[in-house]
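Notes for the structure review
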Amino acid sequence: MASGVLIDVAVILLTSSAIWLGSGWLEGASERLATHYGLPQVVQGAVIAAVGSSMPELATVVVAGLAGSLALGVGGIVGSAIFNVLVIPALAGLLTDEPIESNRTLVYKEAQFYMLAVSVLLITFALGVIYYPVDGVALSGTITRPLALLPLGLYGLYVFIQYQDTADHRASTVPPADGNAIEPGRQWGLLAAGLVVIVVAVHFLVESVSALGETFGVPAFMLGVTIIAAATSLPDALVSVRAAREDRGVTSLANVLGSNTFDLLVAIPVGVLIVGDAAIDFAMAVPMFGVLTAATIALFTALRTDLWLSDQEAFGLLVLYGVFVGWVVLETVGVAVDLLPNA
């Protein structure tokens, strides 16, 4: 048993590194293509960089769903969203010399649309419990393909809004910072290579995490919220911290919100569309969405204060994530107060 656990841990570390590498290729190519096609900064962060850095989460849901453990993928999405909202802006803020700049577009459009995404996904889960309950299991429901189309439709509206911003934007003619011309064909090839590496790495990551869950009797959803979430959030952290250090605070923060919007409205529904339907434990999901909502409100408040994210606010976000991880660990071992009934 001990040797098997060590092998699984080693695989998790190796696959996390592979995800980081593949995401670096994918994100770099996405960024250069966005620059080549003259997209505005908010759209670069909220759509191009966000979708690119969300490929690990999407691959996790697909791989976990095909393996019969969609709960692991859903847990990874929710945990990654919490990690993205609290840890990534905090790291970006603390690893830069100046406070991260925000703006009203980011706060009043991106953040509020993201809150709408959280609400719509929670409503989708509730509809599954109401209309497609799981026999003999309290507060559990089935998310069907028609229900999965609801969040996908909202993401279509999000893309339309971003398209309107792009249509109103005048493309910059400033050449690349390194003075080299961007070759679109090469960048598309690099993007595809990064995607292949991510999918292969996520496949082995899900297998190893599932094996650890069976060994120690940890629920798949909890493993997704912690281990899967941290591993798949590395690309988002890389993109946001790098953008912040390059004095592109709006892109850094927009990537976080855009990535979470994609994960909630696209990644989870795509998993359902692939497997046909998915059982959701509402009693476990709702508290996690409550934490996600509270985390988003904390970030929203910090960004709106003087439209800057200061070091003190960044540290406060890290403290909140530490409290969340501690709560999850205590719930998993059965020590904490019963905040997750029937979990």
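Residues numbered from 1 in each chain as written. Predicted model: local features only at pLDDT ≥ 70, side-chain atom pairs only at ≥ 80, totals over all residues. Heavy atoms only, no water.

**Some remarks on the nonpolar core**
For soluble globular proteins, the rule of thumb is that nonpolar side chains tend to be buried together. Our working definition: Only buried residues count toward a nonpolar core. Its members are Ala, Val, Leu, Ile, Met, Phe, Trp, Tyr and Cys residues joined through side-chain atoms within 4.5 Å. Throughout this description, buried means an accessible area under 20% of the type-specific maximum (1.4 Å probe, protein chains only), exposed means over 50%, and partly exposed covers the range between. Going along the chain from the N terminus, every DSSP run of H or I of four or more residues is numbered as a helix, and every run of E of two or more is numbered as a strand.
In this structure, Phe125, Met288 and Phe289 are the most contacted members of the largest nonpolar core, which totals 92 residues. Of the residues forming this core, the biggest block, 14 residues, is contributed by helix H4 (residues 70–94).

**Quick look at a negative patch on the surface**
To be explicit about the condition: Patch membership requires over 30% relative accessible area and the absence of a salt bridge. Like charges are linked within 9 Å, and nonpolar side chains (Val, Leu, Ile, Met, Phe, Trp, Tyr) within 5 Å. Under the convention used here, a 1.4 Å probe and the Shrake-Rupley method define accessible areas, while residue burial counts only the protein chains that appear. By definition here, a salt bridge exists when the distance from a side-chain nitrogen of Lys or Arg to a carboxyl oxygen of Asp or Glu is within 4 Å. In this tally, Asp and Glu contribute negative charge and Lys and Arg positive charge; neither His nor the terminal groups of the chain are included. Every charge is mapped onto a representative atom, which is NZ of Lys, CZ of Arg, CG of Asp or CD of Glu.
Side chains of Asp97, Glu98, Glu101 and Asp247 sit close together on the surface and give a patch of like negative charge. With respect to the helices and strands, Asp97 occurs in the loop between H4 and strand S1 (100–101). In this structure Asp97 comes out as exposed when scored by relative accessible area, which is 79%.

**Points about the packing of H4 against helix H8 (residues 220–232)**
Our working rule: Interaxial angles span 0 to 180 degrees and are taken between N-to-C directions of axes, which are lines fitted to C-alpha atoms, for helices over the stretch in contact. By the definition adopted for this analysis, an angle is roughly parallel if under 35 degrees, roughly antiparallel if over 145, roughly perpendicular if from 65 to 115, and oblique otherwise. For any pair of crossing helices, the crossing counts as left-handed if the nearer helix is rotated counterclockwise from the farther one by less than a right angle, and right-handed if it is rotated clockwise. In this analysis, two residues are considered to be in contact whenever any of their non-hydrogen atoms come within 4.5 Å of each other. Each residue receives one of three labels: charged for Asp, Glu, Lys and Arg, nonpolar for Ala, Val, Leu, Ile, Met, Phe, Trp, Tyr, Cys and Pro, and polar for the others, Gly being one of them.
The interhelical angle for the contact between H4 and H8, taken along N-to-C directions, is 55°, at an axis separation of 6 Å. Between H4 and H8, the angle falls in the class oblique. Where H4 crosses over H8, the two elements pack in a sense that is right-handed. The segment H4 lies against H8, with Ala71, Leu72, Val74, Gly75, Gly76, Val78, Gly79 and Ser80 engaging Ala220, Phe221, Leu223, Gly224, Val225, Ile228, Ala229 and Thr232. Among the residues making up the contact of H4 with H8, the classes are represented as 10 nonpolar, six polar and no charged.

**Here's the deal with the confidence of the model for the protein chain**
Heads up, the rule is: Predictor confidence is given residue by residue as pLDDT, running from a minimum of 0 to a maximum of 100.
Counting all residues, the mean pLDDT for the protein chain is 80, and 87% of those residues have values of 70 or more. Taken element by element, the protein chain is modelled with least confidence in helix H2 (residues 41–53), mean pLDDT 63, and with most confidence in strand S2 (residues 140–144), mean pLDDT 88. Across residues 335–343, where pLDDT falls below 50, the model places 21 contacts with residues more than four positions away in sequence or in other chains.

**Digging into the packing of helix H5 (residues 104–131) against helix H10 (residues 249–275)**
Relative orientation of the contacting elements H5 and H10 amounts to 20°, with a least axis distance of 10 Å. The orientation of H5 with respect to H10, classified from their angle, is roughly parallel. Where H5 crosses over H10, the two elements pack in a sense that is left-handed. The segment H5 lies against H10, with Leu106, Glu110, Ala111, Phe113, Tyr114, Ala117, Val118 and Leu121 engaging Val250, Leu253, Ala254, Leu257, Asn260, Thr261, Leu264, Leu265 and Ile268. Split by residue class, the contact of H5 with H10 holds 14 nonpolar, two polar and one charged.

**Thoughts on a nonpolar patch on the surface**
There is a patch of nonpolar side chains on the surface, built from Trp20, Leu21, Trp25 and Leu234 and spanning about 360 Å² of accessible area. In terms of residue count, helix H1 (residues 2–36) provides more of the nonpolar patch than any other element does, three residues in total. On the secondary structure map, Trp25 appears in helix H1. Overall, Trp25 belongs to the partly exposed group, its relative accessible area being 33%.

**Notes on the packing of aromatic side chains**
Think of a pair of aromatic rings as described by two things: how far the centres are apart, and how the planes are tilted against each other in angle. Using the following cut-off: Centre distance within 6.5 Å is the pairing criterion for rings of Phe, Tyr and Trp, where only the six-membered ring of Trp is used; planes under 30 degrees apart are then read as stacked, over 60 as edge-to-face, and the remainder as tilted.
For the structure on display, the rule yields seven aromatic pairs. On the basis of an interplanar angle of 90° and a centroid distance of 5.5 Å, the ring pair of Phe83 and Tyr321 is categorised as edge-to-face. Of this pair, Phe83 sits in helix H4 while Tyr321 sits in helix H12 (residues 311–333), and the two are 238 residues apart along the sequence. Summarising the burial analysis for this pair, Phe83 and Tyr321 share the class buried. When the centroid spacing of 5.0 Å and the interplanar angle of 40° are considered together, the rings of Phe113 and Tyr158 count as tilted. Residue Phe113 is located in helix H5, and its partner Tyr158 is located in helix H6 (residues 145–167); the two are separated by 45 residues in the primary sequence. Like Phe113, the residue Tyr158 is buried in the burial classification.

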